[in-house]
Amino acid sequence: MRVSVVIPALNEAGNIGRLVKETYEHVPADMLGEVIVIDDGSDDTTPDEIKALIDSAAYPGLRYLRHGARSGQSTAMRTGILAAGCSVIATMDGDGQNDPRDIPKLLARLAAPGMKGPALVGGVRTNRQADGSKRWASRWANWIRDAVLKDNCPDTGCGIKVYWREAFLRLPFFTSMHRYLPALFITYGHEVAYEPVNDRQRVAGVSKYSNLVRAIVGLYDLFGVT
């Protein structure tokens, strides 16, 4: 299965270029169909990093899309998935904390589109690099979400996932839907699976979310999903 790697990014200078290079280095060429970076209105040098890689011609299939106004991570993901040419999608966060080396492992668990087996395989971070408060908040968020949705997802906040493009596009769209993909896939009759993945320290820039913002948005969307 060839895969379109979709990476939403907002002000990830110092991270995004390295992540793209690693993706081409560690995902086999016969598996990697394209890499699509969706810039959600960055005002740093994120665009320059990607355009320099495109101009070098050393990264075939690398594409850069940009939102004119900031629209959020879920919208950026959907923009990239709509533009993707492969039937299988892999997503990663643009901050470089997800490891592209894990993509082949996740794809090995994914069923071919339309066949029996998992339509989504999500990563589960086994060596969290976030500070203690974020790990604590993440554990509580996962517990609350699982108690309500019962999707048995141990790490809904992990950005690296692989899934069928067509199945994703049939899901209802809403802000922050990327946090609920396992539950949505299950609700729409698909099988999901999970695999342990690596977690890395952010090298540059800062997180775009605080614990409070995550909690407020998460509770609001949780009511919507239920």
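Refer to the structure above for everything that follows.
Residues numbered from 1 in each chain as written. Predicted model: local features only at pLDDT ≥ 70, side-chain atom pairs only at ≥ 80, totals over all residues. Heavy atoms only, no water.

A.B. asks: Describe the overall build of the chain, with residues and values.
C.D. replies: From N to C terminus, the chain includes eight helices and seven strands. A buried classification covers 51% of the 226 residues belonging to the chain. Accessible area for the chain stands at about 10400 Å²; split by element, carbon and sulfur atoms hold 56% of it. (Helix = DSSP H or I, 4+ residues; strand = E, 2+ residues; numbered from the N terminus. Buried < 20%, exposed > 50% of the residue type's maximum accessible area, 1.4 Å probe, protein only. Areas by Shrake-Rupley, 256 points an atom, 1.4 Å probe, with all protein chains shown as cover.)

A.B. asks: Describe the sheet that holds strand S3 (residues 62-66), naming the residues involved and giving the relevant values.
C.D. replies: Ordered by their spatial adjacency, seven strands build an open sheet running S3-S2-S1-S4-S6-S5-S7, and the pairing between neighbours is mixed. Two strands in the sheet have a free side with no partner beyond their single neighbour: S3 and strand S7 (191-197). Geometrically, the sheet is characterised by an average inter-axis angle of 20 degrees between neighbouring strands, direction not taken into account. Pairing of strand S2 (residues 32-39) with S3, which is carried by five bridges, proceeds in the parallel orientation. Bridge pairing in S3 links Ile-36 to Arg-63. (Pairing = 2+ DSSP bridges. Axes fitted to C-alpha atoms, helices over the stretch in contact; angles between N-to-C directions.)

A.B. asks: Please set out helix H2 (residues 46-56) residue by residue, giving values where relevant.
C.D. replies: Residue pairs three or four apart in sequence face the same way in an α-helix, which turns once every 3.6 residues. Among all positions in H2, only Thr-46, Pro-47, Ile-50 and Leu-53 are buried. On an axial view of H2, the arc spanned by its buried residues comes to 135 degrees, and they lie on one face. Summarising the contacts, the buried residues of H2 are in contact with strand S1 (3-9), helix H1 (16-26), S2 and S3. (Arc of directions from axis to C-beta. Contact = heavy atoms within 4.5 Å.)

A.B. asks: Which residues make up the nonpolar core, and what are the values?
C.D. replies: Val-5, Val-35, Leu-62, Tyr-163, Phe-168, Leu-181 and Phe-185 are the most contacted members of the largest nonpolar core, which has 57 residues in total. Leaving out residues up to four positions away in the same chain, Tyr-163 has contacts with Met-77, Ile-81, Ser-87, Val-88, Ile-89, Thr-91, Leu-110, Ala-119, Leu-120, Phe-168, Leu-181 and Phe-185. (Core = buried A, V, L, I, M, F, W, Y, C linked by side-chain atoms within 4.5 Å.)

A.B. asks: Lay out the packing of H1 against H2 with the relevant residues and their values.
C.D. replies: Think of two packed helices as two axes; the pair is described by the angle between the axes and how far apart they sit. Where H1 contacts H2, the axes come no closer than 8 Å and their chain directions differ by 30 degrees. In terms of orientation, H1 lies roughly parallel with respect to H2. Contacts between H1 and H2 involve Ile-16, Gly-17, Val-20 and Lys-21 from the first element and Thr-46, Glu-49, Ile-50 and Leu-53 from the second. In terms of residue class, the contact of H1 with H2 is made up of four nonpolar, two polar and two charged. (Parallel < 35°, antiparallel > 145°, perpendicular 65-115°, else oblique. Nonpolar A, V, L, I, M, F, W, Y, C, P; charged D, E, K, R; others polar.)

A.B. asks: Provide a residue-level description of unusual backbone geometry, including the pertinent values.
C.D. replies: Residue Asn-11 is not a glycine yet carries a positive backbone phi of 50 degrees. Positive phi, close to 70 degrees, is recorded for Ser-176, a residue that is not glycine.

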